[in-house]
Amino acid sequence: MSQMLALVILVFILFIGDFVAVRTKAWVPSIFVCAVLFLAGYWTFFPKDIVSIAGAPPVVATMMMYLLITNMGTLLSLQELKKQWKTVVIALSGILGIIVVLFAVGTFLFGFETIVVAIPPLVGGVVSSLIMSEAAQGAGLTSLSVFAIVIYVMQGFAGYPLTAIVLKKEGKKLLTEYRNGRLAVNEAIEEAAVTKEQTESRFKVIKNIPEKYNTEFFKLFRLSFVAFLAYLVSTLLAPIVEVSPFVLCLLFGVIASSIGLLEKQVLQKANGFGIALLVLILFVLDGLKNATPSMMLEIIYPLVGTIILGIIGMYIFSFIAGKMLKVSKNMAFAVSLTALYGFPADYIITNEVIKSLTDDKDEQEVLTSHMLPPMLVGGFITVTIVSVILAGIFVGFL
């Protein structure tokens, strides 16, 4: 198979996944469609190394992981997290519930290694699933390497409908309060934006460079340099303590963004985000090449079991946190459920629910102001930050 034919086939599969997700309003996850098509391909005519043939070998995927995770760090807004501190606590409580219940119950049902591999992808996205898949493969645990990918693919099927149900309950309650004159637009909660003052609080050397010299390559140079520093610190710490370079990439991205060395979403501004994500998703789905039909049957039991146990733990702990912080149980559970899909699904589902509840623009604005910010912050905390940190810690257990 030629390189360009392989690339065309794989990108077309990703497009089909997006198309189905859009048509079904995200009820059928794009990654699930892609995974099914990849499996069908591997079980029929795909060469096992089709992703490498297309131009995304492991070394390229690793490079993209460094850039993408560092770029994730630039998204962190400390100002928004301060305003949404209750959301942060509830999101963390939900993740704690997953960890506690899976270790307390799941270990006896599925084994310690299975639970270690399952948790980071269950509370995260593509990056954490890839980290755990690679770690399991390196430890010789081929079936668990596939398991890490499959649990990432399937968890949305539990998260999407449950989120829609609890958000509709919350939305109906808020609408009743608004119509009775007991609720208004929440002006205090707005999506964080980079203000002029924040933009100007940069290193003088960056601020004074004319825009014409702040090219895509200069942006990529700074991003890769920050990622390199994270890698360097990881290697220096290795004799003392094992810290994943990817966890440090996230931290260094936050620091570099806060001091102005990197712009917010610098990879998008350098026009590199799309191709980086393409390579990473292809590499994640490449993990399915080892999945035989018998192996898929073998992992169905732990797959369903870990997702169910994780959701139970999530509900219990988010309910307790919500009670303590005086946040409704429905909103608390919805925030916790963002761990199963993250952005942009949290944004899409919330907006779809709001539109299904009312056609009145004022009412939609009220619901949006109360429901969307915590959902976005919840997804950011769980998928973007905590899952990567957990993956960096849990690889040491294999």
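What you are looking at is a predicted structure, and each value in this text was computed from that prediction instead of being measured. (Residues numbered from 1 in each chain as written. Predicted model: local features only at pLDDT ≥ 70, side-chain atom pairs only at ≥ 80, totals over all residues. Heavy atoms only, no water.)

Asks: For the overall build of the protein chain, give the residues involved together with the corresponding values.
Replies: Of the regular secondary structure elements, the protein chain holds 19 helices and zero strands. By the burial criterion, 53% of the 398 residues in the protein chain qualify as buried. Look at the contacts in the protein chain between residues 6 or more apart in sequence, and 82% of them connect residues 24 or more apart. About 18,400 Å² of surface is accessible on the protein chain, with carbon and sulfur atoms providing 67% of the total. (Helix = DSSP H or I, 4+ residues; strand = E, 2+ residues; numbered from the N terminus. Buried < 20%, exposed > 50% of the residue type's maximum accessible area, 1.4 Å probe, protein only. Contact = heavy atoms within 4.5 Å. Areas by Shrake-Rupley, 256 points an atom, 1.4 Å probe, with all protein chains shown as cover.)

Asks: Could you give me a rundown of the packing of helix α1 (residues 3-23) against helix α15 (residues 273-286), with the residues and numbers involved?
Replies: Running from amino to carboxyl end, α1 crosses α15 at an angle of 95°, the nearest separation of the two axes being 11 Å. It follows that α1 is roughly perpendicular to α15 by the angle criterion. Contact with α1, carried on its side by L10, V11 and L14, involves L278, I281, L282 and L285 of α15 and no other residues of that element. Along the lines of polarity and charge, the residues of the contact of α1 with α15 split into seven nonpolar, no polar and no charged. (Axes fitted to C-alpha atoms, helices over the stretch in contact; angles between N-to-C directions. Parallel < 35°, antiparallel > 145°, perpendicular 65-115°, else oblique. Nonpolar A, V, L, I, M, F, W, Y, C, P; charged D, E, K, R; others polar.)

Asks: Can you lay out unusual backbone geometry for me, pointing to particular residues and giving the numbers?
Replies: One non-glycine residue, Q265, adopts positive backbone phi at about 50°. Take Q265: it is sitting in the loop between α13 (245-258) and α14 (266-269).

Asks: Explain the packing of helix α2 (residues 30-42) against helix α9 (residues 142-179) to me, and be specific about the residues and the numbers.
Replies: Close contact between α2 and α9 brings their axes to 8 Å; oriented N to C, the two are set at 135°. What the angle tells us is that α2 and α9 run oblique. In this structure, α2 meets α9 at a crossing whose hand is left-handed. Note on element contacts: α9 touches α2 through Y152, V153, M154 and F157, opposite I31, F32 and A35. (Left-handed = near helix turned anticlockwise from the far one by under 90°.)

Asks: Can you tell me about the packing of aromatic side chains, naming the residues and giving the values?
Replies: Taken as a whole and assessed by the stated rule, the structure comprises 14 aromatic pairs. Taking 6.0 Å as the distance between ring centres and 55° as the angle between the ring planes, the aromatic pair formed by F103 and F394 counts as tilted. Here the residue F103 occupies a position in helix α6 (residues 85-110), and F394 occupies one in helix α19 (residues 361-394), the gap between them amounting to 291 residues. For F103, a relative accessible area of 25% puts it in the partly exposed group. Under the relative-accessibility criterion, F394 is labelled buried at 6%. An aromatic cluster is defined as three or more aromatic residues linked by ring pairs; in this entry it consists of F38, Y42, F45 and F46. (Phe/Tyr/Trp six-rings, centres within 6.5 Å; stacked < 30°, edge-to-face > 60°.)

Asks: How would you sum up the pattern of salt bridges? Please name residues and give values.
Replies: By the definition in use, this model includes five salt bridges. Between K173 and E170 there is a salt bridge whose closest N-O contact spans 3.9 Å. Of the two residues, K173 and E170 both sit in helix α9, three residues apart, roughly one turn of that helix. The structure contains a network of salt bridges with shared partners spanning E170, K173 and E177. (Salt bridge = Lys/Arg side-chain N within 4 Å of Asp/Glu carboxyl O.)

Asks: Account for a negative patch on the surface, naming residues and giving values.
Replies: A cluster of acidic side chains, namely D359, D360, D362 and E365, defines a negative patch on the protein surface. Structurally, the position occupied by D360 is in the loop between α18 (345-357) and α19. Among the residues examined, D360 registers a relative accessible area of 36% and is labelled partly exposed. (Patch = residues over 30% accessible without salt bridge, like charges linked within 9 Å, V, L, I, M, F, W, Y side chains within 5 Å. Lys, Arg positive; Asp, Glu negative; His and termini not counted. Charge placed at Lys NZ, Arg CZ, Asp CG, Glu CD.)

Asks: Explain helix α7 (residues 112-122) residue by residue, including any values.
Replies: In terms of residue burial, α7 counts as a mostly covered element, since nine of its 11 residues are buried. Within the sequence span of α7, burial applies to T114, I115, V116, V117, A118, I119, P120, P121 and L122.

Asks: Any chance you could break down the confidence of the model for the protein chain for me, citing the residues and the numbers?
Replies: The pLDDT averaged across the protein chain works out to 83; a share of 89% of its residues lies at or above 70. With pLDDT under 50 throughout, residues 188-202 is counted as low confidence; its partners more than four residues away or in other chains account for 22 contacts. (pLDDT = per-residue confidence, 0-100.)

Asks: I'd like a description of a nonpolar patch on the surface, backed by residues and values.
Replies: A surface patch of nonpolar side chains, about 860 Å² in accessible area, is lined by L297, I300, V304, I308, I312, Y315, I316, I320 and M324. Here V304 lies in helix α16 (residues 293-325).

Asks: An account of the side chain of S133 is requested, with residue identities and associated values reported.
Replies: Within the secondary structure layout, S133 lies in helix α8 (residues 126-138). In this structure S133 comes out as buried when scored by relative accessible area, which is 4%. Of note is the side chain of S133, whose polar atom sits 3.0 Å from the backbone oxygen of S145. For S133, the residues in contact, after removing those within four places along its chain, are S145, A148 and I149. (Polar contact = N/O pair within 3.5 Å; in protein donor to acceptor, adjacent residues only side chain to side chain.)

Asks: Before we move on, can you summarise the environment of G159 with the specific residues and values?
Replies: Along the polypeptide, G159 turns up in helix α9. Take G159: its relative accessible area is 0%, and that puts it in the buried class. Taking the C-alpha atoms as reference points, G159 and I311, 152 residues apart in sequence, are found 8.7 Å from one another.

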